[in-house]
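Residues per chain, in single letters:
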Amino acid sequence: MSGTPDTDPDKPVLVLFRHDLRVADNGALSAAAKSGKPVVPVFILDEASDKMRPAGGARRWWLHHSLTALSERIGTLGARLVLRSGKTGAVVRALVEETGADLVLWNRRYDQPSIAVDRALKADLNEAGVATRSFSGHLLHEPWELQTSTGSFYKVYTPFSRALFSRGEARAPLSAPKSLRPFEAMVTGAALEDWALLPTKPDWSGGLAQTWAPGETAGHDRLARFLDDILAGYANDRDMPAREGTSRLSPYLAHGEITPFQILHALSSSDFDAPARDVEKFRNEVAWREFSWHLLHHNPDLHTVNFNDRFDGFPWREDADALKRWQTGQTGYPFVDAGMRQLWQTGWMHNRVRMAAASFLIKHLLIDWREGEAWFWDTLVDADPANNPASWQWVAGSGADAAPYFRIFNPILQGRKFDPTGAYVRRFVPELSDVDDKTIHAPDDIAKSGAAVKLGTDYPVPVIDHGAARKRALEAFETTKETE
DNA sequence: TTTTGAGTTGTTCGA
DNA sequence: GTCGAACAACTCAAA
C-alpha cells in the first residue's frame, strides 16, 4: 500500500467518491493529482450491493445538493465528475474497460458492508492487472488500530477518549489539489436529476433548504462561524436549543464534506478566543463520533441488534397510534413535540432535545428503540450509520457505556431547565405561542393557566401521564436485570 | 489471575 | 428552596 504504484502516466486514474464529498483533505484525490495522470472522478450510487443501507429521504436531499457542489468544485479544478449507479464492483470494472484506467484510488470506509465491497473490488481489480490504493478516510484512527491493553475494542467512552487523545496531535489536513489533469475522452454518466434524490410528491424539503447549505465550501464556512461566534460558551450554550449554541457540523461530517482532522486542526491552531473548557467539550463531541464509528466497525448490526443482549427479551409495546403521535410531534409534551417538529421541518434536531425525545419514545411509550432509530435515519440530514444507532442504544440502555435504566428524562423538567423562556417550543409549536413562560412546558399547567389554547382541540392532551409512564418503565426495565 | 476504581448528558424523595 | 442519597448491579480497563 505504500509508494506510488507503477502505472502508465497517460492512462487515467479513477478516484471513487462515496461519503467523502470533498476535494480538500482527500487522500485519494490528492494522490491522483500528484500522479500526473488524467483523473476520472466517479461517484457511485450503490444501494444494490449486499447489506448496503439505503440513505433516508433527508440524506438523499442533502446528497443531491452536495453532488451538485462537488461537481462544480471538481470542474474548477479541470476534471469532470462522473455519476453512475449500481453495484460498485460492476460499475468500476465497466469504467476501467471504457477508459483504460490502470489505477483506482479511494478513501477507506469503516462499516462492514462497505469494507466487504471495497475488499472484493480490490481483489477483482488487482486480478485484472489494475492497481489500487486506499487512503485513511473519515476517522482519526483506523478502528483496528485503537485497542485496549487486552487487544479488544473499547466499550467505555472515557478510556477510549484517553487513548484517542494520548496519541498526540491529529495529522494536519491535506489542502485541495490546485488542479487535476483532465481525461479528454468522453465518459458517459447519469444525470443527477434522473436519480430523483429530491422529493417531489409532496416536496417537503422547503424547511431543509431554508436551514441548510450543503457542500464542502458551506461546511467550512460553518466551521469558521462556529469557531468565531459560538465556541466560546459552548459548554453551556450547547444545551439550550433556542440558541445557536452547537456546531451544526454533523451533516457535513456525515457526508464527508469536512473531516475531523480539519476540525481538530482548526481547534488547535486558530487564533479564535474561547475558554479551554469549551474547546475540550467540543473535542469530546468529535471523539464521541469516533467512538460510535469504532463500535459500528466491531458491531456491524448496531442498528438492529442490542449491543447488550439482556435487552433481547425486553417487553416492547406495539402501538402504532402512539408512534405516529411521536413522529408527528403530537405527544402533548411541548418540549418533545417541538423537537419532533424541528426534525420534520428542518431535517435536524438539537442534541439536548434528541435525548429527551428518544427517551420519551423508549421509556414513556415503551416503543422499541429501532423504531426511533429508523425514523431518525429517514428524517435527519446528518443520519449517520454509526452515530444514530449508537446514540439510540445509549438512550435505551442497551448500548455501550449506556445511560442507566432509571435515567428517565422528565420532558417537563427538561423543558423548564433548557428552554426556560419557552422560545424553542413557541418556534415549533405555534399553537402554544400565547402560553406564558412559566406554564408552557407542563400540560397540566397549560390547562389551568387560562390560556386561549384548548387542550384536546388546539393541542393534544398528553399521550400518557408522566408519573404513570415512569412507573411502568421502571417495571419493564426490571426484566433486563434478571440473570440466567 | 485478581483486584480495584470507575463509569456523558437524570429524577425523585425526604430531611 | 436546597441538598444528599437512592435508584442496581455490572462490566470494563488497567494495574
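Predicted model only: the values in this text are computed from it and were never measured.

Basis of the calculations
Residues numbered from 1 in each chain as written. Chains lettered and ligands numbered in written order. Predicted model: local features only at pLDDT ≥ 70, side-chain atom pairs only at ≥ 80, totals over all residues. Heavy atoms only, no water. Helix = DSSP H or I, 4+ residues; strand = E, 2+ residues; numbered from the N terminus. Buried < 20%, exposed > 50% of the residue type's maximum accessible area, 1.4 Å probe, protein only. Contact = heavy atoms within 4.5 Å. Salt bridge = Lys/Arg side-chain N within 4 Å of Asp/Glu carboxyl O. Near = heavy atom within 4 Å. Polar contact = N/O pair within 3.5 Å; in protein donor to acceptor, adjacent residues only side chain to side chain. 1 Å grid on protein atoms, 1.4 Å probe; cavity = no way out; pocket = protein on both sides within 12 Å on 5 of 7 lines; lining within 4 Å. Points joined across faces, edges and corners; volume = space filled by probe spheres on them. Nonpolar A, V, L, I, M, F, W, Y, C, P; charged D, E, K, R; others polar.

A. The environment of Arg-352, seen in detail. Inspection of the secondary structure puts Arg-352 in helix α14 (residues 351-364). Overall, Arg-352 belongs to the buried group, its relative accessible area being 11%. For the pair Arg-352 and Met-240, spaced 112 residues apart in sequence, the C-alpha to C-alpha distance is 7.5 Å. Contact partners of Arg-352, with chain neighbours within four places excluded, come to Asp-239, Phe-335, Phe-409, Gln-414 and Phe-418.

B. Broad picture of the pattern of salt bridges. Inspection of the entire model under this criterion finds 24 salt bridges. In this structure, the salt-bridge partner of Asp-25 is Arg-171, at a minimum N-O distance of 2.9 Å. Remark: Arg-171 occurs in the loop between α5 (157-165) and α6 (206-211) and Asp-25 occurs in the loop between β1 (13-17) and α1 (27-35); sequence separation between them is 146 residues. Classification of Asp-25 by relative accessible area gives buried; the value is 2%. With its nearest N and O atoms 3.2 Å apart, the salt bridge here joins Glu-244 to Arg-225. Of the two residues, Glu-244 sits in the loop between α8 (234-237) and α9 (250-254) while Arg-225 sits in helix α7 (residues 216-230), which places them 19 residues apart along the sequence. Here Arg-225 falls in the partly exposed class, since its relative accessible area comes to 36%. When salt bridges with common partners are traced through the structure, they connect Arg-222, Arg-225, Asp-229 and Glu-244 into a single cluster.

C. Just the side chain of Arg-18, in detail. Inspection of the secondary structure puts Arg-18 in the loop between β1 and α1. A relative accessible area of 7% places Arg-18 in the buried class. Setting aside its immediate chain neighbours within four residues, Arg-18 contacts Phe-43, Trp-106, Asn-107, Arg-109 and Asp-118.

D. Looking closely at the protein's contact with DNA strand B. The environment of DNA strand B is made up of 20 residues, and the closest members are Thr-158, Trp-288, Trp-394, Asp-401 and Arg-407. Here, DNA strand B places atoms within 4 Å of the protein, and 59% of those atoms are sugar or phosphate. Note that a base oxygen of DNA strand B is positioned 3.5 Å from one of the side-chain N or O atoms of Trp-288. Contacts to DNA strand B include His-466, whose side-chain N or O atom sits 2.8 Å from a phosphate oxygen.

E. Just the layout of surface pockets, in detail. Of the pockets and cavities examined, the largest pocket occupies roughly 1,200 Å³. Taken together, 44 residues line the largest pocket, and the ones lying closest to its centre are Arg-238, Glu-285, Trp-288, Asn-351 and Ser-391. At the level of secondary structure, the elements contributing two or more residues to the lining of the largest pocket comprise α8, α9, α11 (276-298), α14 and α16 (387-396). No other element matches the 10 residues that α11 contributes to the lining of the largest pocket. Broken down by class, the residue content of the lining of the largest pocket amounts to 23 nonpolar, 10 polar and 11 charged. Quantified by volume, the second largest pocket comes out at close to 930 Å³. Along its surface, the second largest pocket is lined by 43 residues, and His-19, Met-52, Arg-53, Asp-111 and Ser-114 are the ones closest to its centre. Mapped onto the lining of the second largest pocket, the elements with two or more residues apiece are β2 (39-45), α2 (57-76), α4 (112-127), α9 and α11.

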